[in-house]
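Analysis of the macromolecular model
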Amino acid sequence: TLQIVTPGSNTSLIQPGFSLLHFGSHVFYLGQKGWPKRSCPTGVFLLDLKNNDLKLRPTTFTNDSCYLPPLRHPAVCSFSASQGGEITQYLIHGGKTPNNEISHKLYIMTMVFTVNKRFSLCCTEKDLAGDVPEARYGHSMNVVFSRGKTAVVMFGGRSHMPLNQRTTENWNNVIDCEPLVYLIDLQFGCSTSFNLRELQDGLSFHVSLARNDTVYIFGGHSLGNNFRPPNVYKIKVDLPLGSPAVSCTVINSKLSFSSSIVTQTSPDEFVIVGGYESDSQKRLICSGVFLDDETIDTQEIETPDWTGEIKHSKTWFGADMGKGAVLFGIPVDNKHQSTDCSFFFYILNFGDNDLALQTCSQGSTEEQEDSMPLEDSEEFTFNRDGNIFDEDT
């Protein structure tokens, strides 16, 4: 199903390159436009979607959280204590800040419930040692499981040119990162890089899927040769007691795209939607990906009935909401410039039901009604539990 949603409070902060984190029925937005104001100091918002009205509500963080800047195009992946278990954490690495600086930091995000069933987010920064990945954006991270152990696989992305090659004219130019595969041990913060001969070109804005000990890399764009490879790279990770081993197999595929969104519809089934087939051609078909222990099968699936605005817009962007749903936006054309928001927003749902569209509201019993957005001169008052105001206020 394809539904247009009505933008509400704070949706003017949505911009290309945003990310969504889904903890159960709660979906959080990361990557706001500009730096946070004192009225919304955290820069992370709860996605509130009721009756096709889309609102972003400010979210509180625990007192021991570190600061998380609004990041565009970071690598984001969920983490669960066991394979197929409930998502308990999110890992966030890299991304661009509103100043166009590229981050090199790794953050761990968890959701914390208080005694009165309200929730806060807790963000901590994880220090890495060894072969530390350089600052980058447009890359991917995935968690793999092997021999009862877990590791994080990072690949691809773009970064600024080395300092000794940067001049005033090319200061903001970016290049492909080296095509290295990084294996990160979250427990000890140790990072190891692997140079695989099958990976010759740096890639960014690709799609990555993980199953057990294997990561599949689809599509992507190489700046060096302006190329979108029609290959799937199968990266297999072995975690014995000694040194880890990483291998890569190249699988020929007819899929060639960049900047697509992937959503999971069942434990072994995924859908790839959106993106670009070339610099000037949007990708309007949807692909189903079916994984088992050894094989991968991709096939074109039923395409939504795209609206005229979607078909004719030159750009689109979005992120996975979880449970087979995708939120994406297209620019508002000149005829609709009177609207407050710069984008039309749609929800594309591949799930078997509409739960993903109805369970993203605040978990508390109270309803925070819309009010005028707070200006810089006004501030929220927080109590010690990190909640906005008291229960009786």
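Given the structure is predicted, the values throughout are model-derived calculations rather than measurements.

The rules behind these values
Each chain carries its own residue numbering, running from 1 in the direction its sequence is written. Only residues with pLDDT of at least 70 are given local features in this predicted model, and only at 80 or more are side-chain atom pairs given and counted; all residues enter the totals for whole chains, interfaces and linings. Side-chain metrics in this entry use all non-hydrogen atoms of the structure; hydrogen atoms and water are not considered. Note on scores: pLDDT gives the predictor's confidence for each residue, bounded by 0 and 100. A contact between two residues is defined here by any heavy atoms of the two lying within 4.5 Å. Whether two strands pair depends on DSSP finding at least two bridges between them. Numbered from the N terminus, helices here are DSSP runs of H or I no shorter than four residues, and strands are runs of E no shorter than two. Each axis is a line fitted through C-alpha atoms, taken for helices only over the stretch in contact, and angles between the N-to-C directions span 0 to 180 degrees.

1. Some thoughts on the confidence of the model for the protein
When the pLDDT values of the protein are averaged, the result is 85; 87% of them are 70 or greater. Scored below 50 in pLDDT, residues 355-393 makes 69 contacts in the model with residues more than four places away or belonging to other chains.

2. So, the sheet that holds strand 8 (residues 106-113)
Taken together, 4 strands build an open sheet; the order of strands is 6-7-8-9 and the sheet is antiparallel. Where the open sheet ends on each side, the last strands, each with one partner, are strand 6 (75-79) and strand 9 (119-126). Sheet twist, expressed as the average angle between the axes of neighbouring strands with direction ignored, equals 25°. Direction of pairing for strand 8 relative to strand 9: antiparallel, over a ladder of 8 bridges. Each bridged residue has a counterpart across the sheet, and for Leu106 the counterpart in strand 9 is Lys126.

3. Focus on unusual backbone geometry
Phi is positive for Asn51, close to 50°, though the residue is something other than glycine. Within the fold, Asn51 resides in the loop between strand 4 (44-50) and strand 5 (53-58). With phi around 65°, Asn52 is a residue other than glycine that occupies positive phi space. Along the chain, Asn52 turns up in the loop between strand 4 and strand 5.

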